[in-house]
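Read off the chains here:
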Amino acid sequence: MEEPGVRQRKKTVTGSVYGHETGSEAKSGPAFPKVYVLLAAVLVLALYNFLALVKGPLNQFLGASTRHIPGVRTSYVPTFTADEAKQDAVVEAFKHAWLAYERDAMGDDEYHPISHAGSNLTKAGGIGYTVVDSIDTMIIMGLEDEYQRARTWVADKLSFERDGNFSTFETTIRVLGGLLSAYHLSREDPVFLEKAEELGARILPVFETESGLPLSLINLALREGVPDRDTNGYISTAEASTLQLEFRYLAYLTDEDTYWEKAEKVMAVLKASATPSGLASIFVDSKLGRYQTSSIRLGSRGDSYYEYLLKQYLQTNQTEFVYREMYDTAMTGIHTHLVKRGLFSQLLYIAELNPERTQNGELGWRLTPKQDHLVCFLGGSLMLGATTSGALVHNVSIPPRTDELTEQGERDWLTGVELIDTCMATHDTQTGLAPEIAHFRILGDGLDNSMAPADWYIKGARPNAPPPFDARYILRPETVESIFIAFRLTGDPKYRDYGWAIFQAIEKHCRIPTGGYASVINVDQIPVEYDDKMETFLMSETLKYLYLLFADSSVLPLNEYVFNTEAHPLPVFNPTIRTGFS
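Reading the values: the criteria
Residues numbered from 1 in each chain as written. Predicted model: local features only at pLDDT ≥ 70, side-chain atom pairs only at ≥ 80, totals over all residues. Heavy atoms only, no water. Pairing = 2+ DSSP bridges. Helix = DSSP H or I, 4+ residues; strand = E, 2+ residues; numbered from the N terminus. Axes fitted to C-alpha atoms, helices over the stretch in contact; angles between N-to-C directions. Buried < 20%, exposed > 50% of the residue type's maximum accessible area, 1.4 Å probe, protein only. Lys, Arg positive; Asp, Glu negative; His and termini not counted. Salt bridge = Lys/Arg side-chain N within 4 Å of Asp/Glu carboxyl O. Contact = heavy atoms within 4.5 Å. Disulfide = S-S within 2.5 Å. Phe/Tyr/Trp six-rings, centres within 6.5 Å; stacked < 30°, edge-to-face > 60°. Lys NZ or Arg CZ within 6 Å of the ring centre and 35° of its normal. Left-handed = near helix turned anticlockwise from the far one by under 90°. 1 Å grid on protein atoms, 1.4 Å probe; cavity = no way out; pocket = protein on both sides within 12 Å on 5 of 7 lines; lining within 4 Å. Points joined across faces, edges and corners; volume = space filled by probe spheres on them. Core = buried A, V, L, I, M, F, W, Y, C linked by side-chain atoms within 4.5 Å. Patch = residues over 30% accessible without salt bridge, like charges linked within 9 Å, V, L, I, M, F, W, Y side chains within 5 Å. Areas by Shrake-Rupley, 256 points an atom, 1.4 Å probe, with all protein chains shown as cover. Charge placed at Lys NZ, Arg CZ, Asp CG, Glu CD.

### What about the sheet that holds strand β3 (residues 165–167)?
Overall, antiparallel pairing links the three strands, which are arranged β3-β4-β5 in an open sheet. Each of the sheet's edge strands pairs with one partner strand only, and the pair in question is β3 and β5 (224–226). In this sheet, neighbouring strand axes are inclined to one another by 35 degrees on average, regardless of whether the strands run parallel or antiparallel.

### Some points on the side chain of glutamate 246
One can find glutamate 246 in helix α8 (residues 244–254). We note that glutamate 246 is buried and unpaired, the nearest opposite charge coming from arginine 248 at a distance of 8.2 Å. If sequence neighbours within four positions are ignored, glutamate 246 has contacts with Thr172, Ile173, Leu176, Gly177, Leu180, Tyr308 and Asn564.

### Things to note about the state of the cysteines
A full pass over the atoms with the stated rule returns one disulfide. Note that cysteine 376 is cross-linked by a disulfide to cysteine 423, the S-S spacing being 2.0 Å. One disulfide, between cysteine 376 and cysteine 423, carries an S-S torsion of -100 degrees and so falls in the left-handed class. With cysteine 376 in the loop between β13 (370–372) and α12 (377–386) and cysteine 423 in helix α13 (residues 407–425), the pair connects residues that are 47 residues apart, well separated along the chain.

### Let's talk about the packing of aromatic side chains
The description of two aromatic rings rests on the distance between their centres and on the angle between their planes. Evaluation of the coordinates by the stated rule reveals 19 aromatic pairs. Arranged with centres 5.8 Å apart and planes meeting at 85 degrees, the rings of tyrosine 495 and tyrosine 498 form a pair that is edge-to-face. Taken together, the residues span about one helical turn, with tyrosine 495 and tyrosine 498 both in helix α15 (residues 493–509) at a distance of three residues. In this structure tyrosine 498 comes out as partly exposed when scored by relative accessible area, which is 21%. Ring-pair connections join several aromatic residues into one group, and the members of that group are Tyr249, Tyr252, Trp260 and Phe573. Sitting over the ring of tryptophan 500, lysine 86 keeps its end group 5.0 Å from the ring centre. In this arrangement the basic side chain of arginine 248 is found over the ring face of tryptophan 260, its NZ or CZ atom lying 4.9 Å from the centre.

### A few points about the packing of helix α3 (residues 129–141) against helix α4 (residues 144–157)
Packing of α3 against α4 leaves a shortest axis separation of 9 Å and a crossing angle of 145 degrees. In the packing of α3 onto α4, the handedness of the crossing is left-handed. Here Val131, Val132, Ile135, Met138 and Ile139 of α3 come into contact with α4, specifically with Glu146, Tyr147, Ala150, Trp153 and Val154.

### Observations concerning the sheet that holds strand β6 (residues 235–236)
Spatially, three strands are ordered β6-β7-β8 in an open sheet, and the strand pairing comes out antiparallel. Sheet topology places β6 and β8 (290–291) at the edges, where each strand pairs with a single neighbour. Examined bridge by bridge, strand β7 (residues 283–285) and β8 share two bridges and lie antiparallel to one another. Paired with aspartate 285 across the two strands is arginine 290, which belongs to β8.

### Quick look at empty space enclosed by the protein
The space that makes up the largest cavity amounts to roughly 100 Å³. As for the largest cavity, its lining consists of Lys311, Leu384, Glu481, Phe484, Ile485, Tyr545, Leu558, Tyr561, Val562 and Phe563. Of all the elements in the fold, those that place two or more residues in the lining of the largest cavity are α14 (478–490) and β18 (561–563).

### Some points on the pattern of salt bridges
Evaluation of the coordinates by the stated rule reveals 28 salt bridges. Glutamate 404 is paired through a salt bridge with arginine 401; the nearest N and O atoms lie 3.2 Å apart. The exposure classification of glutamate 404 matches that of arginine 401, with both residues buried. The salt bridge partner of arginine 411 is aspartate 412, with a shortest N-O separation of 2.9 Å.

### Topic: the pairing of strand β12 (residues 363–368)
In the sheet, strand β11 (residues 352–357) pairs with β12 via six bridges, with the strands oriented antiparallel. By the bridge assignment for β12, proline 355 is matched with tryptophan 365. The turn linking β11 back onto β12 is made up of five residues, and glycine 361 within it adopts a positive phi angle of 85 degrees.

### A look at unusual backbone geometry
Between isoleucine 398 and the following residue, proline 399, the backbone shows a cis peptide bond with an omega angle of -10 degrees. Looking at the element boundaries, proline 399 is found in the loop between α12 and α13. For the bond from isoleucine 526 to proline 527, the omega torsion is 0 degrees, close enough to zero to count as cis. Within the secondary structure layout, proline 527 lies in the loop between β16 (519–520) and β17 (530–531). A positive phi angle, close to 50 degrees, is found at leucine 556, a residue other than glycine. What makes leucine 556 buried here is its relative accessible area of 7%.

### Considering the nonpolar core
Among the nonpolar cores identified, the biggest contains 157 residues, and Leu179, Tyr306 and Ile350 are the most heavily contacted of them. With near-sequence residues (within four places) excluded, tyrosine 306 lies in contact with Gly278, Leu279, Ala280, Ile296, Arg297, Leu298, Tyr327, Ala330, Met331 and Ile334.

### Things to note about a negative patch on the surface
Taken together, the side chains of Glu194, Glu197, Asp255, Glu256, Asp257 and Glu261 present a region of like negative charge at the surface. Elements with a contribution of two residues or more to the negative patch: α6 (190–203) and α9 (257–272). As for its placement among the helices and strands, glutamate 197 is situated in helix α6. The exposure class of glutamate 197 is partly exposed, given its relative accessible area of 33%.

### Section: the environment of glutamate 507
Among the secondary structure elements, glutamate 507 is positioned in helix α15. For glutamate 507 and valine 90, which are 417 residues apart along the polypeptide, the C-alpha to C-alpha distance reads 9.7 Å.

### So, the pairing of strand β14 (residues 437–440)
Across the two faces of β14 the burial is the same, with Ile437 and His439 and Ala438 and Phe440 all buried. Looking at chain direction, β13 and β14 are connected through three bridges and run antiparallel. Bridge assignment links lysine 370 to a residue of β14, and that residue is histidine 439. Relative to strand β15 (residues 456–457), β14 runs antiparallel, the two sharing two bridges. Within the sheet, the bridge partner assigned to phenylalanine 440 lies in β15 and is tryptophan 456.

As structure tokens, this is what we get:
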């Protein structure tokens, strides 16, 4: 393993059944009417739920111990009122990004703020990635003028008649998800649903494979699915399993069951091919419908598979237990095989498993202490799962108490809290921005302890040498996403402090004075060097989650909305379709 350069630290890291007789000697007596038994059971269940609901307030009134989960701070009063000054700062940042894009590249898929230019994903033209990805953020922030101009562009100029190959996954989460969210948040403006229906119909052919798994690419003009030659025709697990929230909601709105059935078939195929551990390798064969021997990780190509297991369960109001079962199994697999701690700092991180052949030709697995920035979504996701899938009561306290969570729920909550702290630790760089990939210290890693950091490092980083790809920050939202969820579930102001620190680092090092924001090539170098690109998820995710972090908790409450993996909020609903898999 390469020895890292010295990373300048900004701070130091440190046999009978109760009430009944059993067996042959049980006394005989008159049969108790079944209807009374049923009525008694209903009353007991209702009483249990009522007591669980009033237990917290009653304990507080009587001065009893609240029994919060160990490791969760209780020396604060949860508060969810808006921090308007910080909200205003985030809105100003959004306008700085949007107005520059609108000035230089309106309608183009991507924006390059330093060269003041736009670009599209295919030679056939773009499909409004940046515009559609940003509209719901404008609605949430109350930017009426900007919203109206964006809506007009969608109504008059957005076209899907593009004879080019687009990513099935990206088109679904950014464009279809953005249109569906805009439809809901705009109080059902029909222009957004009309465009969503058209796009959904154009994407559907990707599911026409032997197994029902989608192809990676879609030619929108020809309405043909296209395999990805770069991956030998395989599709990544995340790509296949991160279309469901969008297509299910489209089916709900349009009464076109085929959208639901195609998306759900994917999950049935993946479940049938799953291992007992619940962990999924990152590639699937769309012909055979089987996982291929490949890495197991929660970073690129794997992340949102796990994210959408929970979110599919939540989207339909916790009525589809198959997704809860798949989620619970997967989280146990993650804890069994991937949750590790740093050698000296004991920072909790999520490792990767990579396949390799032994000298005898047998397949083995090598654990790698590598964590993508993408993995940082998991902290908030685990905490959300703990208070839903892992809850014993319907209304969990803020923060939750140990008697409100199952054993797995408490485990997941604590892991989520620690993982967020680890993700914040990776912001301990010269810029205060986190790198794309962090490696963690392990026994026998061959690093010079007098030179290498004691906790984590950027692999390949050396003084006076070109920075490795791992060192860049591309305006990613995953840590901010988890911070937002954690704050909503705890009311702990430390999470707002975390978010504000990240926002200030973005403002200081990524903001381009003439408009827009750019990626940073090396988070451990000041002054920074830029990569001339503003990712669409800055306006769709990063700034949206920061705004909601400082908003009143009544704005998009977590029990009424699920956010797709591009941060487009979709409402929770009760499904009107039941298929075999459900």
